[in-house]
Amino acid sequence: MDDDRQHKILLAAERLVAHYGVAKTTISDIAREARIGVGTVYLEFTSKDAIVARLASERHERILNAMRDASQSQGSCHDRFRAMMTARVRAFIEVADHGAHASDLIHCSCEAVQNEFEAFKAAQRQVIAEFLRGSSMSGDFAIHDPDLAATAILRAYATFTPPLLYHQTFSNLFQELDLMHQLLLDGLSHR
């Protein structure tokens, strides 16, 4: 494997998918965009799905990192929860801002992306559960089952998650998100 060649292929695929979408991008298109032969693409990746999965995984990892970073920020547990969940939504939007079909790498009908999205959902559930576990241990939140609570939180934030997130206008999105935080945090706090 050649890291430079892989990087070149991934960049070419990323540009094409963002513009044309996963379904309309072919290995031949990627090779042409990367200025290499089709066979060379196959030396680095077994299929278009392998390329798409790698790109999707990278995007999902960016979102997870944004959540992790925000959960470690300064402030109260309430502030850090808000920051974590807002960073998540901002990261989803940022990914979609890179082209007409850039959001396809987060969520679309392509099996490779769907598989990566499922892995992402499990990973974000863990990020949230770990945050809740720590917040419960410190006495800030009253959570008996952080894993179950993380699942419930993600269900509550479903409209702030692809695909629903990408099918709404963003004019009041962050006001609605702040209200969701407030509603949820009032229920998580010790009384």
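Reading the values: the criteria
- In this numbering scheme, every chain counts its residues from 1 along its sequence in written order.
- Totals for whole chains, interfaces and linings use every residue, but because this is a predicted model, local features are given only for residues with pLDDT of at least 70 and side-chain atom pairs only at 80 or more, for both listing and counting.
- No hydrogens and no water enter the side-chain calculation; it runs on all heavy atoms of the structure.
- By definition, any uninterrupted DSSP run of H or I lasting at least four residues is a helix, any uninterrupted run of E lasting at least two residues is a strand, and each is numbered from the N terminus.
- Burial here depends on accessible area, computed with a 1.4 Å probe over protein chains only, as a share of the maximum for the residue type. Under 20% is buried, over 50% is exposed, and the range in between is partly exposed.
- Contacts: residue pairs with any heavy atoms within 4.5 Å of one another.
- To measure how exposed things are, a 1.4 Å probe is used in the Shrake-Rupley method; for residues, cover is taken only from the protein chains shown.
- Centres within 6.5 Å make a pair out of two Phe, Tyr or Trp rings, where for Trp the six-membered ring is used; the pair is then stacked when the planes are under 30 degrees apart, edge-to-face when over 60, and tilted otherwise.
- The axes used here are C-alpha line fits, helices contributing only the stretch in contact, and every angle between their N-to-C directions lies in the interval 0 to 180 degrees.
- Working rule for handedness: look at the near helix, and if it is turned counterclockwise from the far one by less than a right angle, call the crossing left-handed; if clockwise, right-handed.
- Residue polarity follows a fixed list, in which Ala, Val, Leu, Ile, Met, Phe, Trp, Tyr, Cys and Pro are nonpolar, Asp, Glu, Lys and Arg are charged, and the others, Gly among them, are polar.
- A side-chain nitrogen of Lys or Arg and a carboxyl oxygen of Asp or Glu constitute a salt bridge if their distance falls within 4 Å.

A word on the overall build of the protein chain
No. 1: The number of helices and strands found in the protein chain is 8 helices and 0 strands.
No. 2: The C-alpha extent of the protein chain, read off along each of the three principal axes, is 65 × 35 × 25 Å.
No. 3: In the protein chain, buried positions account for 44% of the 191 residues.
No. 4: In the protein chain, the proportion of contacts linking residues at least 24 apart, taken out of those at least 6 apart, comes to 67%.
No. 5: For the protein chain, the exposed surface amounts to about 10,100 Å²; the carbon and sulfur share of it is 51%.

Side note on the packing of aromatic side chains
No. 1: Across all of its chains, the model carries 6 aromatic pairs by this definition.
No. 2: Taking 6.2 Å as the distance between ring centres and 40° as the angle between the ring planes, the aromatic pair formed by phenylalanine 81 and phenylalanine 131 counts as tilted. Highlighted residues: phenylalanine 81 in helix α5 (residues 77-96) and phenylalanine 131 in helix α6 (residues 111-137), separated in sequence by 50 residues. Grouping residues by exposure puts phenylalanine 81 and phenylalanine 131 together as buried.
No. 3: Look at phenylalanine 92 and phenylalanine 120: their rings are 5.8 Å apart centre to centre, the planes differ by 75°, and that puts the pair in the edge-to-face class. With phenylalanine 92 in helix α5 and phenylalanine 120 in helix α6, this residue pair connects regions lying 28 residues apart in the sequence. Here the two residues phenylalanine 92 and phenylalanine 120 agree in accessibility, since each one is buried.
No. 4: An aromatic cluster is built from Phe81, Phe131, Phe141, Tyr157 and Phe160, whose rings are joined through pairwise contacts.

So, the packing of helix α1 (residues 3-20) against helix α2 (residues 27-34)
No. 1: One can describe the packing of α1 onto α2 by two numbers: an axis separation of 8 Å at closest approach and a directional angle of 115°. Once α1 is placed against α2, the crossing between them reads as right-handed. Of the residues in α2, those in contact with Lys8, Ile9, Ala12, Ala13, Arg15 and Leu16 of α1 are Asp29, Ile30, Glu33 and Ala34.
No. 2: Residues belonging to the contact of α1 with α2 are distributed by class as follows: 6 nonpolar, no polar and 4 charged.

Section: unusual backbone geometry
No. 1: Put simply, proline 162 and proline 163 share a cis peptide bond, and its omega is 5°.
No. 2: Its location among the elements puts proline 163 in the loop between α7 (146-156) and α8 (173-188).
No. 3: The backbone of arginine 35 shows a phi angle near 60°, a positive value even though the residue is not glycine.
No. 4: A relative accessible area of 77% means that arginine 35 is categorised as exposed.

Description of the environment of isoleucine 143
No. 1: Relative to the helices and strands, isoleucine 143 resides in the loop between α6 and α7.
No. 2: Taking C-alpha positions, isoleucine 143 is 9.9 Å from alanine 129, a pair spaced 14 residues apart along the chain.

Overview of the pattern of salt bridges
Pairing is possible between side chains of opposite charge, provided their charged atoms come close.
No. 1: Tallying each qualifying case throughout the model produces 11 salt bridges.
No. 2: Measuring nitrogen to oxygen at the nearest pair gives 2.7 Å for the salt bridge that ties glutamate 44 to arginine 5. With glutamate 44 in helix α3 (residues 38-44) and arginine 5 in helix α1, this pair connects stretches of sequence that are 39 residues apart.
No. 3: Residue arginine 5 is classed as partly exposed on the basis of its relative accessible area, which comes to 25%.
No. 4: With its nearest N and O atoms 1.9 Å apart, the salt bridge here joins glutamate 14 to arginine 59. Of this pair, glutamate 14 sits in helix α1 while arginine 59 sits in helix α4 (residues 48-71), placing them 45 residues apart in sequence.
No. 5: Looking at arginine 59, the relative accessible area reads 4%, which means it is buried.

Read these as layout, nothing more, since geometry by itself doesn't imply function.
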